[in-house]
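Here's the letter readout for the chains.
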Amino acid sequence: HILASTCPLLFPHSPADCRAEIFPANSSYEIQPTDSKTGSHVTWLEINPYKGGAGTIHCTLYAAPNHTNTPRYAVIRVNSATNYIDFKVKQNAMPSGGADDPTPGVGEE
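Predicted, not measured: the structure shown is a model, and the values here were computed from it.

**Some remarks on the pattern of salt bridges**
Applying the stated criterion to the full structure yields 1 salt bridge. Between D86 and R77 there is a salt bridge, and its shortest N-O distance comes to 2.7 Å. Of the residues examined, D86 reaches a relative accessible area of 35% and is grouped as partly exposed. The exposure class of R77 is partly exposed, given its relative accessible area of 29%.

**Quick word on the side chain of N66**
Here N66 lies in the loop between β7 (55-63) and β8 (72-80). Exposure remark for N66: the relative accessible area of 0% places this residue in the buried category. A polar atom in the side chain of N66 sits 3.0 Å from the backbone oxygen of T70. At 3.1 Å, the side chain of N66 forms a polar contact with the backbone oxygen of N92.

**Considerations on the nonpolar core**
I31, W44, L45, I47, A74, I76 and V89 are the most contacted members of the largest nonpolar core, which totals 15 residues. Listed by contribution, the elements that provide at least two residues to this core are β4 (29-35), β5 (45-48), β7, β8 and β9 (84-91). Ignoring anything within four residues of it in the chain, the contact list for I76 reads I31, Q32, P33, L45, I47, L61, I85, D86, F87 and V89.

**What to know about unusual backbone geometry**
Each neighbour pair has its own omega, and for N48 with P49 the value is -10°, a cis peptide bond. Within the element layout of this structure, P49 appears in the loop between β5 and β6 (51-52).

**With respect to the environment of P33**
Within the fold, P33 resides in strand β4. Once residues within four sequence positions are removed from consideration, P33 is found in contact with S40, H41, V42, L45, I47, V75 and I76.

**Some words on the packing of aromatic side chains**
On inspection of all chains with the given rule, the structure shows 0 aromatic pairs. Above the plane of the ring of Y84 lies R77, whose end atom (NZ or CZ) is 3.8 Å from the centre.

**Re the environment of I47**
Within the secondary structure layout, I47 lies in strand β5. Expressed as a C-alpha distance, the spacing of I47 and L61, which sit 14 residues apart in the sequence, is 4.6 Å. Ignoring any residue separated from it by four or fewer positions in sequence, one finds I47 in contact with I31, P33, C59, T60, L61 and I76.

**Some points on the side chain of Q91**
Residue position: Q91 is located in strand β9. Only 2.7 Å separates the side chain of Q91 from the backbone oxygen of A64, close enough to count as a polar contact. Separated by 2.6 Å, the side chains of Q91 and R72 make a polar contact.

**Regarding the pairing of β8**
Sheet analysis places β4 next to β8, joined by 7 bridges and oriented antiparallel. The residue of β8 that forms the bridge with Y29 is S80. Bridge count between β8 and β9: 8 bridges; the pairing is antiparallel. Across the sheet, the residue bridging to N79 is Y84, located in β9. Hairpin connection, β8 to β9: the antiparallel pair is bridged by 3 residues.

Cut-offs used in this document
- Residues numbered from 1 in each chain as written.
- Predicted model: local features only at pLDDT ≥ 70, side-chain atom pairs only at ≥ 80, totals over all residues.
- Heavy atoms only, no water.
- Salt bridge = Lys/Arg side-chain N within 4 Å of Asp/Glu carboxyl O.
- Buried < 20%, exposed > 50% of the residue type's maximum accessible area, 1.4 Å probe, protein only.
- Helix = DSSP H or I, 4+ residues; strand = E, 2+ residues; numbered from the N terminus.
- Polar contact = N/O pair within 3.5 Å; in protein donor to acceptor, adjacent residues only side chain to side chain.
- Core = buried A, V, L, I, M, F, W, Y, C linked by side-chain atoms within 4.5 Å.
- Contact = heavy atoms within 4.5 Å.
- Phe/Tyr/Trp six-rings, centres within 6.5 Å; stacked < 30°, edge-to-face > 60°.
- Lys NZ or Arg CZ within 6 Å of the ring centre and 35° of its normal.
- Pairing = 2+ DSSP bridges.

Shown next as structure tokens:
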């Protein structure tokens, strides 16, 4: 089974990263970020490492700046040979004033 630790997957519009620990993977795994609406691969979200062998998975997620006035949404799927788990990700839009919002809201869609 794949179980995940808690990690708030809500990013401000500026560059940010989040560290996650997922355990245990009984076999090799691969992590794929996709657009939650289109299912296509997203380029604004980077995961390192995105694949590996059995055992505890330690990865870092990095969100590139969002210079638009629209939030971005993605789904991160962690696949193993026997199962998967999905995480929803939201990156806030740039605030209307152009500065970071120091208190981002809860990641609702």
